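Residues per chain, in single letters:
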Amino acid sequence: MRYALQRFTQFLIVFFLVTFGVMVFMRIGLNKPGDPARTMLGGTVSQELIDSTTAKFHLDSNYFVQYWFWLKGMLTLDFGYSAPNNMAVTTYLKPRVLTTVFLGVYSIFFALVIAVPLAVYQAYKRDRSFDKLSSFATFFFISVPAVVLAPLLKYVFIDWLAWFPRLSSKIYPWDDLVGHFKNFFVPVLVLTIPLAAVWTRLLRADMVQTLQSDFITLASAKGVPPSRVLWGHALRNSVFSLVTSVGFQLGGLVGGALIVEAYFNMKGMGSLLVVAILSSDLFTVQAVSAILVACVVLVNLGVDLSYALIDPRIRHARALS
Amino acid sequence: MSNISQASSRDTGAPLLELTDVKTHFRTRRGLVRAVDGVSLTLERGKSLGVVGESGSGKTILSRSIMGLLPTKGTERHGSIRFQGQEIGNLGRKQMRHIWGREMAMIFQDPMTSLNPLMKIGRQITEPLEIHLGMDKDNAWATAERLLQDVRIPEGARRLHQYPHELSGGMRQRVMIAIAMACGPTLLFADEPTTALDVTVQAQILDLLNDQRKERNMSLILVTHDLGVVAGHTDEIAVMYGGKLVEKAPTRVLFADMKMPYTEALMQSIPKIDDPSHTRLLAIGGRPPDLVNPPNGCRFAPRCLYARDRCLTEEPPLRATDNPEHTYACWYPVGSAEYYQAKARLAETPVAVGGLD
């Protein structure tokens, strides 16, 4: 209980610091040429609009007051107003967020589906030709950057084989499931391949180490079949680095998807953030940062909780503190 | 006490375990490591055998060779291992799996690292019961509780739901014993089962092992570097050096009349209760032989205080004393004329024994 409270306090502190920091830096940028509202709205707008915008978003107050009003808006899911798009941030943020979430969740899911069995089997067949070949392959795919992989896979699957349509990000699974998956397949693959490669290597290394433990030898000496030794005894003892890495990846989802979003012209949060920063779109930047911070902190919390779920020693140590 | 499935008694009249010229060699970059180099011995049903030697004498590899628990890659196995009349020396892991846990079980040295830290004690004990005996969950857990009783762990029902880190070292070793005995094996290996434990707990664990052996009519192979450990707990002792068996005898006979200077040296390196305090222990000088290039002749000769030229060139065969159960491999055994000559010479010249200091 005390642990949970501690974690929640941490979450709040990080959240406030980051969102406030983002606001201050954006405001410093906006203030530079003169009036923040004028900068935000662009050169040729009426004085009334500037005045009303200033008043509405408290741009003339000090940072703390402005931040306070922004926070209040957040509570009612009012993320403010995007001047360059001339609409409420909330309305056009939703599809962006969804696109990125789909990209991230699918790629992480498929990377795990590939990495875990591969790593387990590699560790089992350690130093045999299968292991060596796979190690080479994973090393290769780690080294291929997304900017190379994206055009390559696009050429193969979309242009040459024509298995998948040219992309539009507007298909939701509840509208057209097959279309949705066809749409996301290639971009997700671009993200999945390097992830799967990294995770395979990570898990293989830990598995190899675990398989040398005494308790694994004991499990074999009990007559436990190899598959059960691997999946029942060794894997659980080997997943800690993997869980940590998956956590980082989930947290860094937006940044990671940036190249793919840009290349496949999928309107996600990564590309949104870049455009928003360049166009001094204060409230969009702040909304995206808020979501990011929340994601990172929550995922970290999830990672910590899953450590405790996996390892009774951590669980018990925490129960005592 | 409980009457959990006793070991299946396939009485063939043959000894339980019969090793003939067992060799285990590892291919390494340095060359072929002859970890076990031609060991022959037999073990009767229900008897206990102590395998004694320094680190690197091959005692652990010997027990793992018998169990077939060695990595297959880079390992060469020669000779014959007959278990319950059946040749198992050439079986792969897949076939051995049905023997492991069921007919042969092993207790490891370090109870702190030998239990799965993420799995409840109960789960670790019931696993072999479910796999080998096909017990359902309730039955297996009830059996596990009885097993904990057998190894004298109080509050078994509660302990079963605990994790290894919640138990002391001695408790964990008891759990290990419970796991090993779960399916009522006929042969139990205990590889330095007390080395990692407090002295006060060591005797308890050894007594427990011995009691369980007698009660269940198991055979026990107790691997240790400590002659003191095997003294009161085994029927026979086999002394290993450099991958070879150098002396073997019933325990009483060995302690009364040891033939190998190596056995004698091991004996002298144990503190004795009636020595005055601050008596210096005799260490064996030098180090165990390189098993890639073992010395010619007797492998112990380079470190032996009584070695002569013949020892360095000609390897002594295993031969019996008047007692056919007592065999040793030495040209000039303890008690021979040459032994006393050498001893007298050593007494005159006050060299530090075995290169100590």
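Residues numbered from 1 in each chain as written. Chains lettered and ligands numbered in written order. Predicted model: local features only at pLDDT ≥ 70, side-chain atom pairs only at ≥ 80, totals over all residues.

1. Some words on the overall build of chain B
Of the regular secondary structure elements, chain B holds 12 helices and 12 strands. Rg of the C-alpha trace for chain B: 22 Å, near the compact-globule value of 21 Å for 357 residues, within the 12% margin. Expressed along its principal axes, the backbone C-alpha trace of chain B runs to roughly 70 × 50 × 40 Å. Looking at chain B residue by residue over its 357 residues, the buried ones come to 45%. A fraction of 67% describes how many contacts in chain B between residues 6 or more apart in sequence connect residues 24 or more apart. (Helix = DSSP H or I, 4+ residues; strand = E, 2+ residues; numbered from the N terminus. Rg over C-alpha atoms; globule rule 2.2 N^0.38 Å. Buried ≥ 20, exposed ≤ 12 C-beta atoms within 10 Å, placed from the backbone. Contact = placed C-beta atoms within 7 Å.)

2. Describing helix α11 (residues 240-251) of chain A
Compared with the 16 Å implied by 1.5 Å per residue over 12 residues, the 17 Å span of α11(A) between its first and last C-alpha is a close match. Taken as a whole, α11(A) has its buried residues at A:Leu242, A:Val246 and A:Gly251. (Expected span 1.5 Å × (residues − 1).)

3. So, the domain arrangement of chain A
Residues and elements named next belong to chain A. For chain A, the domain assignment lists domain 1 (2-76) and domain 2 (93-275 + 288-314). The gap between the C-alpha centroids of domain 1 and domain 2 is 35 Å. The partner domain 2 presents six residues to the eight residues of domain 1 that form the contact. Of all the elements, helix α1 (residues 2-31) adds the most residues to the side of domain 1 that touches domain 2, at seven residues. Taken together, the residues of the side of domain 1 that touches domain 2 sort by class into six nonpolar, one polar and one charged. (Domains from an automatic or database assignment. Nonpolar A, V, L, I, M, F, W, Y, C, P; charged D, E, K, R; others polar.)

4. Side note on the sheet that holds strand β5 (residues 86-87) of chain B
Each strand in a sheet pairs with its neighbour through backbone hydrogen bonds, running either in the same direction (parallel) or in the opposite one (antiparallel). All names here are of chain B. Strand order in this open sheet of four strands is β2-β1-β4-β5, and the pairing throughout is antiparallel. Both outer strands of the open sheet, β2 (31-43) and β5, are each paired with one neighbouring strand and no more. For strand β1 (residues 17-28) and strand β4 (residues 75-83), the ladder comprises eight bridges, and the chain directions are antiparallel. Within β4, the position partnered with Glu18 by the bridge is Arg82. (Pairing = 2+ DSSP bridges.)

5. Examining the nonpolar core
Within the largest apolar cluster, 134 residues are counted, with the highest numbers of intra-cluster contacts made by B:Ala178, B:Ala180, B:Phe189, B:Val239, B:Met240 and B:Val246. Here this core takes 16 residues from helix α8 (residues 177-211) of chain A, the largest share from any one element. With residues near it in sequence (within four places) discarded, B:Val246 still touches B:Val239, B:Met240, B:Tyr241, B:Met260, B:Tyr262, B:Phe300, B:Tyr328 and B:Ala329. If you look at the next biggest cluster of nonpolar residues, it comprises 26 residues, including A:Phe79, A:Tyr81, A:Leu273 and A:Phe283. (Core = buried A, V, L, I, M, F, W, Y, C linked by C-beta atoms within 7 Å.)

6. Some thoughts on the confidence of the model for chain B
Looking at chain B, pLDDT values average 88 and 94% of them are 70 or higher. Across the interface, the model reports ipTM at 0.83; the global pTM reads 0.83. (pLDDT = per-residue confidence, 0-100.)

7. Re the interface of chain A and chain B
The accessible area lost on association of the parts is a frequent measure of interface size. If you look at the interface, chain A gives 19 residues, while chain B gives 24 residues. Of all the secondary structure elements, the ones that give two or more residues to the side of chain A that touches chain B are α9 (214-221) and α15 (312-320) of chain A. The greatest single-element share of the side of chain A that touches chain B, amounting to seven residues, is contributed by α9(A). Partitioned by chemical class, the residues of the side of chain A that touches chain B number eight nonpolar, six polar and five charged.

8. Describing the packing of α11(A) against helix α14 (residues 282-310) of chain A
All names here are of chain A. Axis separation between α11 and α14 bottoms out at 8 Å; the angle between their running directions is 165°. Our classification of the angle between α11 and α14 gives roughly antiparallel. For the element pair α11 and α14, the recorded crossing hand is right-handed. Contact residues: Phe240, Val243, Thr244, Gly247, Leu250 and Gly251 in α11; Cys295, Val296, Val299, Asn300, Gly302, Val303, Ser306 and Tyr307 in α14. Residues of the contact of α11 with α14, tallied by class, amount to eight nonpolar, six polar and no charged. (Axes fitted to C-alpha atoms, helices over the stretch in contact; angles between N-to-C directions. Parallel < 35°, antiparallel > 145°, perpendicular 65-115°, else oblique. Left-handed = near helix turned anticlockwise from the far one by under 90°.)

9. Side note on the sheet that holds strand β10 (residues 244-250) of chain B
All names here are of chain B. Spatially, β6-β7-β8-β3-β9-β10-β12-β11 is the arrangement adopted by the eight strands of the open sheet, whose pairing is mixed. This sheet does not close on itself; its edge strands, each paired only once, are β6 (104-107) and β11 (319-320). In this structure, strand β7 (residues 187-191) lies alongside strand β8 (residues 219-224), joined through five bridges in parallel fashion. Paired with Leu188 across the bridge in β8 is Leu220. The sheet strands contacting helix α10 (residues 261-268) are β3 (48-52), β9 (236-241) and β10, and the helix crosses β9 at an angle near 105°.

10. With respect to the environment of B:Asp21
Relative to the helices and strands, B:Asp21 resides in strand β1. Along the chain, B:Asp21 and B:Glu155 lie 134 residues apart, while their C-alpha atoms are 47 Å from each other.

11. Let's talk about the packing of helix α6 (residues 169-181) of chain B against helix α7 (residues 199-216) of chain B
All names here are of chain B. Axis separation between α6 and α7 bottoms out at 10 Å; the angle between their running directions is 15°. As judged from the angle between their axes, α6 and α7 are roughly parallel. Here the hand of the crossing between α6 and α7 comes out right-handed. Where α6 approaches α7, its residues Gly170, Gln173, Arg174, Ile177 and Met181 are matched on the opposing element by Val201, Gln204, Ile205, Leu208, Leu209, Gln212 and Arg216. Along the lines of polarity and charge, the residues of the contact of α6 with α7 split into six nonpolar, four polar and two charged.

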